[in-house]
Amino acid sequence: MTAGDQTQTSTETPAQAEGPFTTRQLLRLDEALRLADETTSLTFSVYCGDLAEPVRETAEKLHSELPDPARSVLLAASPNQRQLEIVTGEQARRRLHDRDCKLAAFSMAAAFNGGDLAGGFISGLAMLVNLAGRS
Amino acid sequence: MDIAQTVLIFVGVPLAVIAIVAAIVYAGGGKTRAKRYRPGRAYDFAPVWFTSSAKPGGAAVAGHGSHELVARTQAALPAAATASAPGVTGGASDRW
């Protein structure tokens, strides 16, 4: 599934090798995302890369590119800017209040500060799932 | 034991051991340790964007693995993508 124009067809492309995550981390992220979607019936997505200024608007723009923005939650982090954004759609926002998101953002920032990108995303996802509850 | 043998054992053997250890260390992919994000250092990886493997239509994709979205540079994002009205989306921001 892609928010862009083309889908990544091969899984062993050099582009994947350039990513910040190891294979094991990718598997853990995949599992965390799958569980999050299944448990909450919201769509979670994870973005890791530069976000153009203004960061919040860029993250919202990325969020609006997802197939169903209203029921989607985007976790975006920009390691260069050392900034992270959690964007919830209209429907998702009823389950995940801004206060809940802030709590998850704290835990993600703590992990990122220790240099653990994958761990931060996974702990953020886990917290958001717990706070959203089962659907 | 003549001089040549002594030198061979007490100099040659340690040197050989050092060479073998050095070869193992440098052959074993010294690149893997550098491939890591460290706070405060430059982060020059390609942007990545993942969702779980459900298709937009709701059908699950055969196989497994999160699908990598094509993370585009911000300039490539269509202008019409600002469809979300202000105040509709929620969330939080943080820095580290």
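Worth saying up front: this structure is predicted, and the values here are computed from it rather than measured. (Residues numbered from 1 in each chain as written. Chains lettered and ligands numbered in written order. Predicted model: local features only at pLDDT ≥ 70, side-chain atom pairs only at ≥ 80, totals over all residues.)

A.B. asks: Residue-level account of the overall build of chain B, with values.
C.D. replies: Secondary structure summary: chain B contains two helices and three strands in total. Residue burial in chain B is summarised as follows: out of 96 residues, 17% are buried. (Helix = DSSP H or I, 4+ residues; strand = E, 2+ residues; numbered from the N terminus. Buried ≥ 20, exposed ≤ 12 C-beta atoms within 10 Å, placed from the backbone.)

A.B. asks: Let's hear about the pairing of strand β1 (residues 48-51) of chain B: which residues, and what values?
C.D. replies: Of the two faces of β1 of chain B, the one carrying Val48 and Phe50 of chain B and the one carrying Trp49 and Thr51 of chain B are both buried. Summarising the sheet, strand β1 (residues 43-48) of chain A and β1 of chain B pair through four bridges and their orientation is antiparallel. Its bridge partner being in β1 of chain B, Val46 of chain A is matched across the sheet by Phe50 of chain B. (Pairing = 2+ DSSP bridges.)

A.B. asks: Break down the nonpolar core for me, with residues and values.
C.D. replies: Counting 42 residues, the largest nonpolar core has Leu29, Val73, Leu74, Leu75, Ala76, Phe121 and Leu125 of chain A as its most contacted members. For this core, the element with the most residues is helix α6 (residues 117-132) of chain A, which contributes eight residues. (Core = buried A, V, L, I, M, F, W, Y, C linked by C-beta atoms within 7 Å.)

A.B. asks: I'd like to hear about the environment of Ser93 of chain B, residue by residue, with values.
C.D. replies: Within the secondary structure, Ser93 of chain B sits in strand β3 (residues 90-95). Sequence-distant contacts of Ser93 of chain B, that is, excluding residues within four places in its chain, are made with Arg56, Gln83, Glu85 and Ala105 of chain A. (Contact = placed C-beta atoms within 7 Å.)

A.B. asks: Which residues make up unusual backbone geometry, and what values go with them?
C.D. replies: All names here are of chain A. Note the cis peptide between Glu53 and Pro54, where omega equals -5°. Here Pro54 shows up in the loop between β1 and α3 (55-64). Residue Ser41 is not a glycine yet carries a positive backbone phi of 55°. Inspection of the secondary structure puts Ser41 in the loop between α2 (23-40) and β1. The phi torsion at Arg82 lies on the positive side, around 55°, for a residue other than glycine. With respect to the element layout, Arg82 can be found in the loop between β2 (72-78) and β3 (83-88).

A.B. asks: Mind laying out the environment of Glu60 of chain A, listing which residues take part and the relevant values?
C.D. replies: Inspection of the secondary structure puts Glu60 of chain A in helix α3. Sequence separation between Glu60 of chain A and Ile86 of chain A is 26 residues, and the spatial gap between their C-alpha atoms is 9.0 Å.

A.B. asks: Outline the pairing of β1 of chain A, supporting the account with residue identities and numerical values.
C.D. replies: Residues and elements named next belong to chain A. Within β1, six of the six residues are buried, which leaves the element mostly enclosed by the surrounding structure. Both faces of β1 are covered, namely the face carrying Thr43, Ser45 and Tyr47 and the face carrying Phe44, Val46 and Cys48. Summarising the sheet, β1 and β2 pair through six bridges and their orientation is parallel. Directly across from Tyr47, in β2, lies its bridge partner Ala76.

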